[in-house]
Amino acid sequence: MMVINPHPFPNRIRFSLPLLNRSITTRGRGGGRSSCSAFNCRSVSSLISFTWDDVVQASQPDYAPNDSSDLSGFFENIKYCNRGSSEIKSEFIPLVIEDQIVGYIHNGFFDDYLRRFKDVFVFVPSDSRFGTNVTLNKTLSTPEERTRVVGRVIKSLAEEEKELIPGIRNELYPVKPSFGSPPYFSLERAAAPYFGIKPHGMSCVANLIKECEEEAGIPLSLSNQAMSVGAVSYVDVDGYRYKRDVLFCYDLELPGDFIPKNQDGEVESFKLIPVENVANVIRRTCFFKPNCSLVILDFLFRHGYIRPECLGYLDLLQSLRSADFS
C-alpha cells in the first residue's frame, strides 16, 4: 500500500513523499512543475478541480480495464520532465570554473544580463577543450570571493527585473563539477536553473532524515533504517532555465500501523491506496508532479509492477535512466 501527498496546490506542496507500509521510496530535493497540457487527463479540466475522489476513481482497475499493459502515460511523464530538444540545448554554453564544467548558461541570458558584468563574467569565444564558454574573472580566486560577487550580480538583476529570477530566498547551493567534489562557489537557489548547475546541499542521509520528520513525522528510529537503492535524473530546458536534477531514492519498510503526520505545514494530506492504483494514477492522470512520478516509476520497475511483458518495457527503462548523473 502507498500513501502519497498530491500536488494540486503548487504554492503549498513543494514535492511528494511516497510512503508504503511495506516499502517506501523517498525522493531527493529537486523542483518540477505540474501541467495538464502534457498529459491525457481524463474527466478533469484542471489540477485545481482534480480532487482525491477523482484520483481514487481514476486509479481503479475497472476505470480503464484494458490499459494495464499500456506504458504511454509513463512515457509522457518522463518526456515532460526532459523538455527541450537538442537544438534548444545547443543554445546553452558551458560555465567553466577551474577547467571543469559546472553548469550551462543560455546565450540570450548571458548577452542580455550577464555580459555587462565584465569584472565578474568572462566570455571565451573559443577554447581548445570546451569551445565557446563562460567563466569567472580570474581575480576571483576563492569560493568566498566568487560567492560574494556572483551573489551581488543576482541581487542586482532581481532588483532590476522582478520577474527575471523569482523566488529569491537567500538559500545558497554549492556549485560543484560533480557530486562529492569540493565547491567552487555557492549560488542563490532560485538562480540555479539560470546557470544550469546541479544543486548539492546537505548529505543525502541528513536530507532524508530531515524530510521524513518534517513531511511525514517519521522518527529517526525508523528513517535511519532507509536503504539507498539508486537515483533517477532529468534535464528540463525552459526558456533561459536549464534544470539538471538528480533524485536519490531510498526504500524504507514501515510498520503496518504507522500513520504519517505532517510537521511543517507543507503537505495538504496523505492517502493510503494500493501500489497498483498509484501506477494507474501516473498512467492515466497528471495529478502527481512529473519529477515525483519518476521516483515512483523507479519503484515500480524495481518491485516488478512494470513487467518485461509490457510492450516498450526496455525503451521505458532506458528513458528513465538516460539522463546524465555527473
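Every value quoted in this text rests on a predicted model; they were computed, and no experiment measured them. (Residues numbered from 1 in each chain as written. Predicted model: local features only at pLDDT ≥ 70, side-chain atom pairs only at ≥ 80, totals over all residues. Heavy atoms only, no water.)

A. Layout of the overall build of the protein. Along the protein, the regular secondary structure elements total ten helices and twelve strands. Here the protein holds 326 residues, and 50% of them are scored as buried. Long-range contacts, defined here as pairs at least 24 residues apart, represent 69% of the contacts in the protein between residues at least 6 apart. Element-wise, carbon and sulfur atoms account for 51% of the exposed surface of the protein, whose accessible area totals about 15,400 Å². (Helix = DSSP H or I, 4+ residues; strand = E, 2+ residues; numbered from the N terminus. Buried < 20%, exposed > 50% of the residue type's maximum accessible area, 1.4 Å probe, protein only. Contact = heavy atoms within 4.5 Å. Areas by Shrake-Rupley, 256 points an atom, 1.4 Å probe, with all protein chains shown as cover.)

B. Structural detail: the packing of aromatic side chains. Scanning the model with the defined rule gives 14 aromatic pairs in all. Ring centres of F109 and Y113 lie 5.6 Å apart, and the angle between their planes is 40 degrees; on these two criteria the pair is classed as tilted. With F109 and Y113 both in helix α4 (residues 107-114) and four residues apart, the pair spans about one turn of that helix. You can call F109 buried: its relative accessible area is 0%. A residue is classified by how much of its surface remains accessible, and Y113, at 14% relative accessible area, is buried. Between Y113 and Y240 the ring centres are 6.4 Å apart and the planes differ by 75 degrees, which places this aromatic pair in the edge-to-face class. Here the residue Y113 occupies a position in helix α4, and Y240 occupies one in the loop between β10 (227-238) and β11 (241-251), the gap between them amounting to 127 residues. Among the aromatic side chains, those forming a connected cluster through ring pairs are F109, Y113, F121, Y194, F195 and Y240. Its end group placed over the ring of Y80, R83 keeps NZ or CZ at 4.9 Å from the ring centre. Taking NZ or CZ as reference, R115 lies 5.0 Å from the ring centre of F123, over its face. (Phe/Tyr/Trp six-rings, centres within 6.5 Å; stacked < 30°, edge-to-face > 60°. Lys NZ or Arg CZ within 6 Å of the ring centre and 35° of its normal.)

C. Representation of the confidence of the model for the protein. Scored by pLDDT, the protein has a mean of 82; 83% of the residues are at 70 or more. The spread of mean pLDDT over the elements of the protein runs between strand β3 (residues 25-26), the lowest at 34, and strand β7 (residues 133-136), the highest at 97. In this model residues 1-48 is a low-confidence stretch, pLDDT under 50, and it forms 184 contacts with partners more than four residues away in sequence or in other chains. (pLDDT = per-residue confidence, 0-100.)

D. Broad picture of the environment of V124. Checked against the element boundaries, V124 lands in strand β6 (residues 121-124). Leaving out residues up to four positions away in the same chain, V124 has contacts with G131, T132, N133 and T135.

E. Up close: the sheet that holds strand β4 (residues 92-97). Spatially, β5-β4-β7-β6 is the arrangement adopted by the four strands of the open sheet, whose pairing is mixed. Of all the strands in the sheet, just β5 (100-106) and β6 have a single pairing partner and so form its edges. With direction set aside, neighbouring strand axes in the sheet form an average angle of 35 degrees. With six bridges connecting them, β4 and β5 associate as antiparallel partners. Bridging across to β5, V96 finds its partner in I101. In the packing of α4 onto the sheet, contacts are made with β4, β5, β6 and β7, and the angle to β5 comes to roughly 80 degrees. (Pairing = 2+ DSSP bridges. Axes fitted to C-alpha atoms, helices over the stretch in contact; angles between N-to-C directions.)

F. Up close: the pairing of β11. With nine of eleven residues buried, β11 is to be regarded as a mostly interior element. Counted between consecutive antiparallel strands, the loop separating β10 from β11 contains two residues, among which G239 sits at a positive phi close to 65 degrees.

G. Structural detail: the nonpolar core. Ranked by size, the top nonpolar core spans 33 residues in total, and within it F109, L114, V120, F121, L187 and F195 carry the most contacts. Contributions of two or more residues to this core are made by β4, β5, α4, β7, α5 (143-160), β8 (172-175) and β9 (185-188). Considering each element in turn, this core owes the most residues, five residues, to α5. Once residues within four sequence positions are removed from consideration, L114 is found in contact with I105, F109, F121, V153, L157 and F195. If you look at the next biggest cluster of nonpolar residues, it comprises 30 residues, including V55, V275, V278 and I306. (Core = buried A, V, L, I, M, F, W, Y, C linked by side-chain atoms within 4.5 Å.)

H. Highlighting the state of the cysteines. According to the stated counting rule, one finds zero disulfides in the structure shown. No disulfide involves C292; its sulfur sits 8.7 Å from the nearest other cysteine sulfur, which is in C81. (Disulfide = S-S within 2.5 Å.)

I. Here's a closer look at the environment of P94. With respect to the helices and strands, the residue P94 is situated in strand β4. Judged by its relative accessible area of 12%, P94 is buried. Not counting residues within four places of it along the chain, the set of residues in contact with P94 comprises I101, G103, Y104, F130, T132, N133 and V134.

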